[in-house]
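Here's the letter readout for the chains.
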Amino acid sequence: MDWVETLVVVLHVVIAVALVGLVLIQQGKGANAGAAFGGGASQTVFGSEGSSSFLVRATTLLAIVFFVTSFSLAVFAKQRAEVAGEAGIPVVQESRSDAGQAESEAADEGETGRGDENELPELE
């Protein structure tokens, strides 16, 4: 199932780049005002409506596929986390008693041989 995840990641990246490109190609809503002053809409490659309907549909389709791949990558990540938990990976537990802490701190001071020398002097 590892190759499926790789395929989804590659598809996800390609779609993300295509979405960025499509959004940058599209014209804003105010761009149609310039067409009234000599921009012949009948001479466009996409017909008299212009490219807006085609680009909007393509962007919508790519956005839907992008969300589907995002959701599937989240599912893959969840499955990997569950498998890692079942594989016996050690979990850090920080539940030490106060007595155990005091003993370990005393041992740390004894190992360094400095004791209270590292403490800062009190300000008056």
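The structure this text deals with has already been given above.
Parameters at a glance
- Residues numbered from 1 in each chain as written.
- Predicted model: local features only at pLDDT ≥ 70, side-chain atom pairs only at ≥ 80, totals over all residues.
- Heavy atoms only, no water.
- Salt bridge = Lys/Arg side-chain N within 4 Å of Asp/Glu carboxyl O.
- Helix = DSSP H or I, 4+ residues; strand = E, 2+ residues; numbered from the N terminus.
- Buried < 20%, exposed > 50% of the residue type's maximum accessible area, 1.4 Å probe, protein only.
- Phe/Tyr/Trp six-rings, centres within 6.5 Å; stacked < 30°, edge-to-face > 60°.

> Hey, could you run me through the pattern of salt bridges in this one?
A side chain of one charge can pair with a side chain of the opposite charge when the charged atoms of the two come close. Under the counting rule described, the total for this entry stands at two salt bridges. Of the charged contacts, one joins Asp2 and Arg80 as a salt bridge, the two residues approaching to 3.2 Å between their closest N and O atoms. Of this pair, Asp2 sits in helix α1 (residues 2-25) while Arg80 is found in helix α2 (residues 52-86), placing the two residues 78 residues apart along the sequence. Using a relative accessible area of 49% as the deciding quantity, one classes Arg80 as partly exposed. Between Arg80 and Glu5 there is a salt bridge, with the nearest N and O atoms lying 3.1 Å from each other. With Arg80 in helix α2 and Glu5 in helix α1, the pair connects residues that are 75 residues apart, well separated along the chain. Exposure remark for Glu5: the relative accessible area of 19% places this residue in the buried category. Salt bridges sharing partners connect three or more residues here, namely Asp2, Glu5 and Arg80.

> Before we go on, may I ask you to explain the packing of aromatic side chains in this structure?
For any pair of aromatic rings, the description rests on two quantities: the centre-to-centre distance and the angle between the ring planes. This structure, assessed with the given rule, holds one aromatic pair. Residues Phe66 and Phe67 carry aromatic rings whose centres are separated by 6.1 Å and whose planes lie at 70 degrees to one another, so their mutual orientation is edge-to-face. Assessed through its relative accessible area of 23%, Phe66 is described here as partly exposed. The class for Phe67 is exposed, based on a relative accessible area of 58%.

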